[in-house]
Amino acid sequence: MTRTTDRRGIVVGIDPVRNWHLALAWAADEAHLRGVGLRLVVAVPPQHDTQHVDDTPRHMAQQQAGTEALRTALAWAHARHPGIESTSALLDGFPTGVLAGLSQEADMIVLGSRHLSRTEEFLSAGSLVVPVTAKAHCPVAVVGDAEHVTQETPYLVVGVDGSESSRAALAWAFEEADLRRCALRAIAVWQPPVFSLHSGDSLFHAERRLLSETTAGWAEKYPDVRLTHEVPIGSPVEILAEAAEHALAVVVGRRGRGGYTGMRVGSVVHGLLHRAHSPVITVPAR
């Protein structure tokens, strides 16, 4: 396994208001798998700066709730994996900024998901998934449902499109599949062009060749990973979400970093965060 030496383990955001068990279980298992530390974090927004309303009671209540949630969650994580180094931190600041800052020194950020609709995503103050995914410097795992571990052959899905971020996702997916000793389905979704000077068959075969060439070096590096190539035709979001219906996770690349709204994650990433039921792991371009 290769791991960046200056990274400091897995950070999981704990929501004091909502159920954190699925995200924490996934994060603790991943930390155990990788042999790294686990850091539980609650971020408390600053007090409102106003001359008319004293915001101190609300702020203190948030701090108390965060402290209690961390205490309970830390004990739960210790019980699940006593051997990993688990710590907790109550930090001041807006959650998106705090987690994005921590991503600079983390192996991974793990968040829970409530499967918000697009309207709720804009209106909910607790919607961290999209902006954190857009701003993070490390991979982000969004865990909305329990892992599908009942399949006869566990597998991961990785989306491949030839981009720099896609290559980073492919490298991460191979490492993860090797650690989990599971199969890897590399999928390059093909959308036939409306106008082209080349035949559809030649373009389709070129896509298959590109997928094989892109994965070849990694397949040699991880010979124990059982790899399959797939070039289905259709919508990338729908096909990847369907392929990952019973997967351990779906892994995709993420181009660039978002602005203030955190919406610049790309249509495929954004769609999967709403559509997929397996954990969605986004990997930024290196």
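Details of the structure are given in the entry above.
These lines cover the structure that appears in this document, whether it is placed above or below. Per chain, residues are indexed from 1 in the order of the written sequence. Totals for whole chains, interfaces and linings use all residues, but because this is a predicted model, local features are given only for residues with pLDDT of at least 70 and pairs of side-chain atoms are given and counted only at 80 or more. Water and hydrogen atoms play no part in the side-chain values, which are based on all heavy atoms of the structure.

1. A few points about the overall build of the protein chain
Working definition: helices are DSSP H or I runs of at least four residues, strands are E runs of at least two. Numbering for both runs from the N terminus. Scanning the protein chain for helices and strands turns up 9 helices and 10 strands. In the protein chain, buried positions account for 47% of the 286 residues. Where accessible areas are quoted, they stem from the Shrake-Rupley method and a 1.4 Å probe; at the residue level, only the protein chains shown are allowed to cover. A total accessible area of about 14,500 Å² is found for the protein chain, and carbon and sulfur atoms account for 53% of it. Classification of residues uses two cut-offs on accessible area relative to the type maximum, computed with a 1.4 Å probe and protein chains only: under 20% is buried, over 50% is exposed, and between them is partly exposed.

2. Describing the environment of glycine 234
Its place among the elements puts glycine 234 in the loop between β8 (227-230) and α8 (236-243). C-alpha separation for the pair glycine 234 and glutamine 191, spaced 43 residues apart in sequence, amounts to 5.7 Å. In this description, contact between two residues means that some pair of their heavy atoms is separated by no more than 4.5 Å. Not counting chain neighbours up to four residues away, the residues in contact with glycine 234 comprise Val189, Trp190, Gln191 and Ile239.

3. Here we look at the packing of aromatic side chains
Note on ring pairs: Phe, Tyr and Trp rings are taken, using the six-membered ring of Trp, and paired if centres are within 6.5 Å. Classes follow the plane angle, with under 30 degrees stacked, over 60 edge-to-face and the rest tilted. Tallied over the entire structure, the rule returns 3 aromatic pairs. Summarising the aromatic geometry, the rings of phenylalanine 174 and tyrosine 222 are spaced 6.0 Å apart at their centres and angled 15 degrees between planes, so their arrangement reads as stacked. With phenylalanine 174 in helix α6 (residues 164-180) and tyrosine 222 in the loop between α7 (200-221) and β8, the pair connects residues that are 48 residues apart, well separated along the chain. Considered together, phenylalanine 174 and tyrosine 222 belong to a single accessibility category, that of buried residues.

4. As for the nonpolar core
Core analysis: the biggest nonpolar cluster contains 50 residues, and Val12, Ile14, Leu38, Leu40, Val110, Val158 and Leu184 have the highest contact counts within it. If one sorts the elements of this core by residue count, α6 sits on top with 7 residues. Apart from residues lying up to four places away in sequence, valine 12 is in contact with Ala23, Leu24, Ala27, Leu38, Arg39, Leu40, Val41 and Val110. Side-chain atoms within 4.5 Å link the members of a nonpolar core, which is a set of buried Ala, Val, Leu, Ile, Met, Phe, Trp, Tyr and Cys residues. Val130, Val132, Val252 and Leu273 belong to the second largest nonpolar core, which has 36 residues in total.

5. What to know about the pairing of strand β2 (residues 38-44)
For β2, the buried fraction is high: 6 of the 7 residues fall into the buried class. Note: two strands are recorded as paired if DSSP finds a minimum of 2 bridges between them. Here 4 bridges tie strand β1 (residues 10-13) to β2, and the two strands are oriented parallel to one another. Its bridge partner lying in β2, isoleucine 10 is registered against leucine 38. When the strands point away from the viewer, a crossover counts as right-handed if the path from the first strand over the helix to the second runs clockwise. The parallel pair β1 and β2 is bridged by helix α1 (residues 21-34), and the resulting crossover is right-handed. The pairing of β2 with strand β3 (residues 86-92) spans 7 bridges and is classified as parallel.

6. What about the pattern of salt bridges?
The salt bridge criterion pairs a side-chain nitrogen of Lys or Arg with a carboxyl oxygen of Asp or Glu, the two atoms within 4 Å. Scanning the model with the defined rule gives 10 salt bridges in all. Among the salt bridges present, the one from arginine 34 reaches glutamate 175, with a minimum N-O distance of 2.8 Å. One end of the pair, arginine 34, is in helix α1; the other, glutamate 175, is in helix α6, with 141 residues separating them in the sequence. For arginine 34, a relative accessible area of 7% gives the class buried. Residue glutamate 175 is classed as buried on the basis of its relative accessible area, which comes to 8%. One salt bridge in this structure joins glutamate 68 and arginine 71, with 2.4 Å as the shortest N-O distance. Taken as a pair, glutamate 68 and arginine 71 lie in helix α2 (residues 56-80) at a separation of 3 residues, close to a single helical turn. The class of glutamate 68 is partly exposed, set by a relative accessible area of 41%.

7. A short note on unusual backbone geometry
Notably, arginine 181 is not glycine yet its phi reads approximately 55 degrees, a positive angle. Take arginine 181: it is sitting in the loop between α6 and β7 (183-187). Looking at arginine 181, the relative accessible area reads 74%, which means it is exposed.

8. Considerations on the sheet that holds β7
As summarised here, the arrangement of the 10 strands in space is β3-β2-β1-β4-β5-β10-β9-β6-β7-β8, forming an open sheet in which the pairing is mixed. A strand with exactly one partner marks an edge of an open sheet, and here the two such strands are β3 and β8. When the angles between neighbouring strand axes are averaged without regard to direction, this sheet yields 20 degrees. The pairing of β1 with strand β4 (residues 108-112) spans 3 bridges and is parallel. By the bridge assignment, valine 11 is partnered in β4 with isoleucine 109. Contacting β2 and β3, α2 runs over the sheet at an angle of about 170 degrees to β3. A fitted line through C-alpha atoms represents every axis, and for helices the fit uses only the stretch in contact; the resulting angles, taken between N-to-C directions, go from 0 to 180 degrees.

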